[in-house]
Amino acid sequence: MAGRRSSLGFLGMFGRSDDLRQLDAALRGADLHPALVPEGVKLTIVNLMKDHWPEEPPQAYPRVANLFSYCIAGPETFERAQGPQQRLDAERRIGAALETGDDLDAQIVLMALHAKLINAEVVERFGLGAD
């Protein structure tokens, strides 16, 4: 079976792949404009999702986008946009990811850190560092 492929499009001739369009919509829903996220980062996110879910469920996009948005926006900005329950959920997920170290959430946080997109307050709050 052939794997799903992601496509950025080319000179307006070929459209963006469905997975990137779904991620863009989920990022907007998480109060993070997709234009603020480099295309390479978005491709990495959808590829991580494909590794984690070979037949990705559509509800996965908002969940991934919320965690990524928290990493970028920081706790206060994220809470203003999404509410205190969503903030607590994102913080719980990051805490759990730090303990397991190799799940999808950990990979999303690490990618935000390596891409230098992560909020400094998130780095400080969770003692993150890239070695």
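Re the pattern of salt bridges
Within the structure shown, the criterion is met by 10 salt bridges. Here arginine 92 ties to aspartate 89 by a salt bridge, and the two come within 2.6 Å at their closest N and O atoms. Of this pair, arginine 92 and aspartate 89 both sit in helix H5 (residues 84-100), three residues apart, roughly one helical turn.

Describing the nonpolar core
Core analysis: the biggest nonpolar cluster contains 33 residues, and Ile45, Phe68, Ile94, Ile108 and Ile118 have the highest contact counts within it. Only helix H1 (18-29), helix H2 (39-52), helix H3 (60-73), H5, helix H6 (104-114) and helix H7 (120-126) provide two or more residues apiece to this core. Sorting elements by how many residues they give to this core places H3 first, with eight residues. For phenylalanine 68, the contacting residues outside a window of four places in its chain are Leu27, Leu32, Val37, Val41, Ile45, Ile108, Met111, Ala112 and Leu117.

A closer look at the layout of surface pockets
For the largest pocket, the calculated volume is near 170 Å³. If you go around the largest pocket, the residues you meet are Ala97, Leu98, Gly101, Asp102, Ala106, Gln107, Val109, Leu110, Leu113, Leu128 and Gly129. When residues of the lining of the largest pocket are traced back to their parent elements, those giving at least two are H5 and H6. Class assignment of the residues belonging to the lining of the largest pocket gives a composition of seven nonpolar, three polar and one charged.

Some words on the packing of aromatic side chains
Summed over all chains, the structure comprises one aromatic pair. Taking the centre distance of 5.5 Å and the plane angle of 80° together, the rings of tyrosine 70 and phenylalanine 78 count as edge-to-face. For the pair tyrosine 70 and phenylalanine 78, one class covers both residues: buried.

Details of the environment of arginine 87
Structurally, the position occupied by arginine 87 is in helix H5. Judged by relative accessible area, arginine 87 falls into the buried class, the value being 17%. Aside from chain neighbours lying at most four places away, what touches arginine 87 is Tyr70, Pro75, Phe78, Glu79 and Arg125.

With respect to unusual backbone geometry
Positive phi, normally seen in glycine, also occurs at aspartate 31, with a value near 65°. Along the chain, the position of aspartate 31 falls in the loop between H1 and H2. Judged by relative accessible area, aspartate 31 falls into the exposed class, the value being 53%. Of note, the phi angle at lysine 116 is positive, near 60°, even though the residue is not glycine.

Topic: the packing of H1 against H3
At a minimum axis separation of 8 Å, H1 and H3 run at an interaxial angle of 55°. Taken together, the axes of H1 and H3 lie oblique to each other. Helix-helix and strand crossings are classified by hand; for H1 and H3 the assignment is right-handed. Packed against H1, whose contacting residues are Asp19, Gln22, Leu23, Ala26 and Leu27, the element H3 presents Tyr61, Pro62, Ala65 and Phe68 at the interface. Broken down by class, the residue content of the contact of H1 with H3 amounts to seven nonpolar, one polar and one charged.

Parameters at a glance
- Residues numbered from 1 in each chain as written.
- Predicted model: local features only at pLDDT ≥ 70, side-chain atom pairs only at ≥ 80, totals over all residues.
- Heavy atoms only, no water.
- Salt bridge = Lys/Arg side-chain N within 4 Å of Asp/Glu carboxyl O.
- Helix = DSSP H or I, 4+ residues; strand = E, 2+ residues; numbered from the N terminus.
- Core = buried A, V, L, I, M, F, W, Y, C linked by side-chain atoms within 4.5 Å.
- Buried < 20%, exposed > 50% of the residue type's maximum accessible area, 1.4 Å probe, protein only.
- Contact = heavy atoms within 4.5 Å.
- 1 Å grid on protein atoms, 1.4 Å probe; cavity = no way out; pocket = protein on both sides within 12 Å on 5 of 7 lines; lining within 4 Å.
- Points joined across faces, edges and corners; volume = space filled by probe spheres on them.
- Nonpolar A, V, L, I, M, F, W, Y, C, P; charged D, E, K, R; others polar.
- Phe/Tyr/Trp six-rings, centres within 6.5 Å; stacked < 30°, edge-to-face > 60°.
- Axes fitted to C-alpha atoms, helices over the stretch in contact; angles between N-to-C directions.
- Parallel < 35°, antiparallel > 145°, perpendicular 65-115°, else oblique.
- Left-handed = near helix turned anticlockwise from the far one by under 90°.

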